[in-house]
Amino acid sequence: MKVIICGAGQVGYGIAERLSQEDNDVSVIDTSASLVNHITETLDVRGYVGHGAHPDMLAKAGADQADMIIAVTLYDEVNIVACEVAHALFSVPTKIARIRAQNYLRPEYADLFSRQNMSIDVTISPEIEVGKMVLRRISFPGATDIVRFADDHITMVAIECMEDCPVLNTPLQQLSQLFPDLMATVTAIYRNGRLIVVRSSDQLLVGDLAYVICQRDHTRRTLGLFGHEEQEAGRLVIAGCGNIGYYVARAIGDVQPKTKVKIIENDGERAVLVSDKLRNAIVLHGSALDQNILQQADIQDADLMVTLTNSDQTNILSAAMAKRMGCKSGMVLINNPSFQDLTHAIGIDHHINPRAVTISRVLQHVRKGRIRSVYAVQKGMAEVIEAEALETSPLVGVAFRDLNLPAGIRIGAVFRDGMVLRPNGDLKIKAKDRVVLFASAEAVRDVEQMFRVSIQYF
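Bear in mind the structure is a predicted one, so any value in this text is a computation, not a measurement. (Residues numbered from 1 in each chain as written. Predicted model: local features only at pLDDT ≥ 70, side-chain atom pairs only at ≥ 80, totals over all residues. Heavy atoms only, no water.)

1. Some words on the side chain of Ser-360
Logical step 1: Note that Ser-360 resides in helix α13 (residues 354-366).
Logical step 2: Separated by 2.9 Å, the side chain of Ser-360 and the backbone nitrogen of Ala-376 make a polar contact.
Logical step 3: Discounting residues that sit within four places of it in the chain, Ser-360 has contacts with Val-374, Tyr-375 and Ala-376. (Helix = DSSP H or I, 4+ residues; strand = E, 2+ residues; numbered from the N terminus. Polar contact = N/O pair within 3.5 Å; in protein donor to acceptor, adjacent residues only side chain to side chain. Contact = heavy atoms within 4.5 Å.)

Set out below in structure tokens:
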């Protein structure tokens, strides 16, 4: 696949890195010569210095032969125009634009990005996607990661196995026997730097990070089974009230009005603005690195501090300070992957990588076959994939016990006619079933083949 990426910042770099690793033909355009030099020196991609929305630059990057354009510059208007030009002049089939300004995305303007109005196939709002992720993590504090599939009926939850985990050293096949009515399947574990797609005979050990696919209504019970009974935060402090912080604070006020929310915002004008809009939150003007401000926010009584500023360093240090001052738990937004491995070492409980969220949304449209949703885990080591089974799929009509799945693939759940089905030996996948599975990076191509339309079908 030939892909053009407009924007070589952190998100553009991450997308280029992932796509180039999969032997796609990737070209990157950016106005910054230093960013273009960096990306071409470290990745197997072509780089062009220039404006991503200009026809001559798109032509140099090979837009006339491109299968997809992904516009992720810092400017929404550039991203929109780049997609329009790619469509009008070069007939690029798939056009993806990152849109950050929430004014474009207000409900009353929902038709703006419909196909009859704009030549954009997919819009991605990292702020909204990350905001939803933060809200899920707040709702399920025992989860290290949590994503929803199949119209929110199925959940993938990553759970850390602590020393008091009740299901340690138990073969996974016995778990289904011990809890026959629990709609949950352990699909993979991350252990000592290795990601293992599990078999029924495998066991969980202390320190493992288990990836479990379950029915959404069974998520809390699943966490409890692993020994995680943490309660939702009743007192919450948010550092940073940009688009993400505002989205989170407003959603909590709407859904959990009893939760006491205090916000720390360093920009005075922004603090006044959000204070006027958020009636269920107290907004403090100041730095989240100022201990006096943290004390004014009653950080010592807080159940959770969520740091959502634009600075990784501020997010990490303020969360660490909050923990030292008595806050029970911390969740930080981290863009730089090199910082993510430091969080546990300095006592931070959870981190969220916005780049990973955006890349996962893009991969959904890169994958071949009837792929509905994709979520990448462990820096691309594997993916959780939701795919629709077609009549021609080799999975259809075969009992699970007789399926000869390629190595690196484990099916976690099947969604059929509004119901979630847990895999067992007798279950047979039917056409139009939506299958949620875990696949190692090496097995993704096999998944695409299993869910592609066969030529014989026509």
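2. Overview of the UniProt feature "domain: RCK N-terminal" (unreviewed entry) in the protein chain
Logical step 1: The UniProt feature table records "domain: RCK N-terminal" (unreviewed entry) at residues 1-124 and 233-352.
Logical step 2: A helix fraction of 35% and a strand fraction of 22% characterise residues 1-124, whose end C-alpha atoms lie 21 Å from each other.
Logical step 3: Between the first and last C-alpha atoms of residues 233-352 the distance is 17 Å; the span itself is 38% helix and 22% strand. (UniProt positions renumbered as here; feature names shortened; annotations may be inferred.)

3. Looking at the packing of aromatic side chains
Logical step 1: Considering all chains together, one arrives at 2 aromatic pairs under this definition.
Logical step 2: Seen from their ring centres, Tyr-104 and Phe-113 are 6.3 Å apart, and the 70° between their planes marks the pair as edge-to-face.
Logical step 3: Residue Tyr-104 is classed as partly exposed on the basis of its relative accessible area, which comes to 24%.
Logical step 4: For the pair Tyr-211 and Phe-438, a centre-to-centre distance of 5.4 Å together with 45° between the ring planes defines the contact as tilted. Linking Tyr-211 in strand β11 (residues 209-215) with Phe-438 in strand β22 (residues 434-440), this pair joins segments that are 227 residues apart in sequence. When sorted by exposure, Tyr-211 lands in the same class as Phe-438, which is buried. (Phe/Tyr/Trp six-rings, centres within 6.5 Å; stacked < 30°, edge-to-face > 60°. Buried < 20%, exposed > 50% of the residue type's maximum accessible area, 1.4 Å probe, protein only.)

4. Focus on the UniProt feature "domain: RCK C-terminal" (unreviewed entry) in the protein chain
Logical step 1: If you check UniProt for "domain: RCK C-terminal" (unreviewed entry), the listed places come out as residues 144-229 and 372-453 in our numbering.
Logical step 2: Summarising residues 144-229: 16% helix, 36% strand, and an end-to-end C-alpha distance of 13 Å.

5. A word on unusual backbone geometry
Logical step 1: Despite not being glycine, Asp-23 has its phi angle at roughly 65°, a positive value.
Logical step 2: Structurally, the position occupied by Asp-23 is in the loop between α1 (10-21) and β2 (25-30).
Logical step 3: Look at Asp-151: it is not a glycine, yet its phi comes out positive at around 55°.
Logical step 4: Looking at where Asp-151 falls in the secondary structure, it is placed in the loop between β7 (145-149) and β8 (154-160).
Logical step 5: Relative accessible area serves as the criterion here: at 53%, Asp-151 is assigned to the exposed category.

6. Details of the environment of Leu-308
Logical step 1: With respect to the helices and strands, Leu-308 occurs in the loop between β15 (304-307) and α11 (312-324).
Logical step 2: The class for Leu-308 is buried, based on a relative accessible area of 7%.
Logical step 3: Put simply, Leu-308 and Ala-239 are 69 residues apart on the chain and 5.7 Å apart in space, counted from C-alpha to C-alpha.
Logical step 4: Filtering out sequence-adjacent residues up to four positions away, Leu-308 remains in contact with Val-134, Ile-238, Ala-239, Gly-240, Ile-244, Gly-245, Val-248, Asn-315 and Leu-333.

7. As for the environment of Arg-18
Logical step 1: The topology assignment puts Arg-18 in helix α1.
Logical step 2: Spatially, the C-alpha atom of Arg-18 lies 16 Å from that of Ala-439, the residues being 421 residues apart in sequence.
Logical step 3: At a separation of 2.5 Å, a polar atom in the side chain of Arg-18 contacts the side chain of Glu-383.

8. Description of helix α4 (residues 76-90)
Logical step 1: Helix length check: α4, at 15 residues, gives a terminal C-alpha distance of 21 Å against a target of 21 Å (1.5 Å per residue), a fit within 8%.
Logical step 2: What α4 keeps buried is the set Asp-76, Val-78, Asn-79, Ile-80, Ala-82, Cys-83, Val-85, Ala-86 and Phe-90.
Logical step 3: Buried residues belonging to α4 abut β1 (2-6), α3 (55-60), β4 (68-71) and β5 (94-98).
Logical step 4: Ser-91 lies just past α4 and shows a positive phi near 50°. (Expected span 1.5 Å × (residues − 1).)

9. Regarding the sheet that holds strand β10 (residues 194-197)
Logical step 1: Pairing is antiparallel in the open sheet, where 5 strands are placed in the order β7-β8-β11-β9-β10. The sheet terminates laterally at β7 and β10, the two strands that pair on one side only. When the angles between neighbouring strand axes are averaged without regard to direction, this sheet yields 20°.
Logical step 2: Judged from the 7 bridges that link them, β8 and β11 form a sheet pairing that is antiparallel. Residue Val-157 lies in a different strand from β11, and its bridge partner there is Val-212. (Pairing = 2+ DSSP bridges. Axes fitted to C-alpha atoms, helices over the stretch in contact; angles between N-to-C directions.)

10. Things to note about the pairing of strand β19 (residues 382-388)
Logical step 1: Counting buried residues in β19 gives 7 out of 7 residues, a clear majority hidden from the surface.
Logical step 2: Going residue by residue along β19, you find Ala-382, Val-384, Glu-386 and Glu-388 tucked away on one face and Glu-383, Ile-385 and Ala-387 tucked away on the opposite face as well.
Logical step 3: Two elements, strand β18 (residues 371-377) and β19, share 6 bridges in a ladder whose sense is antiparallel. From the neighbouring strand, Tyr-375 faces β19, where its bridge partner is Val-384.
Logical step 4: Hairpin connection of β18 to β19: 4 residues between the antiparallel strands, including Gln-378 at a positive phi of 50°.

11. Quick look at the pattern of salt bridges
Logical step 1: Counting across every chain of the model gives 26 salt bridges.
Logical step 2: The shortest N-O distance in the salt bridge between Asp-181 and Arg-221 comes to 3.2 Å. Of this pair, Asp-181 sits in the loop between α6 (172-178) and β9 (184-191) while Arg-221 sits in helix α7 (residues 219-225); the two residues are 40 residues apart in sequence, bridging distant segments of the chain.
Logical step 3: For Asp-181, a relative accessible area of 48% puts it in the partly exposed group.
Logical step 4: Among the ionic pairs, Asp-298 bridges to Lys-262, the shortest N-O distance being 2.6 Å. (Salt bridge = Lys/Arg side-chain N within 4 Å of Asp/Glu carboxyl O.)

12. Brief notes about the packing of α1 against α13
Logical step 1: Packing of α1 against α13 brings their axes to within 10 Å, and their N-to-C directions diverge by 45°. On the basis of their axis angle, the class for α1 and α13 is oblique. For the pair α1 and α13, the sense of crossing is right-handed. Side by side, α1 and α13 meet where Gln-10, Val-11, Tyr-13, Gly-14, Ile-15, Glu-17, Arg-18 and Leu-19 of the first sit next to Arg-355, Thr-358, Ile-359, Val-362, Leu-363 and Val-366 of the second. (Parallel < 35°, antiparallel > 145°, perpendicular 65-115°, else oblique. Left-handed = near helix turned anticlockwise from the far one by under 90°.)

13. Here we look at the domain arrangement of the protein chain
Logical step 1: We note that the domain assignment places domain 1 (2-124), domain 2 (235-357) and domain 3 (363-451) within the protein chain.
Logical step 2: Computed from C-alpha coordinates alone, the two centres of domain 1 and domain 3 are separated by 29 Å.
Logical step 3: On the side of domain 3, 8 residues touch domain 1, which itself brings 6 residues to the contact.
Logical step 4: Both faces combined, the contact of domain 1 with domain 3 buries some 640 Å², and carbon together with sulfur accounts for 57% of it.
Logical step 5: Scanning the region where domain 1 abuts domain 3 turns up 3 salt bridges.
Logical step 6: Arg-367 is the partner of Glu-22 in a salt bridge, and the nearest nitrogen-oxygen pair spans 2.6 Å. (Domains from an automatic or database assignment. Buried area = accessible area lost by both parts, 1.4 Å probe.)

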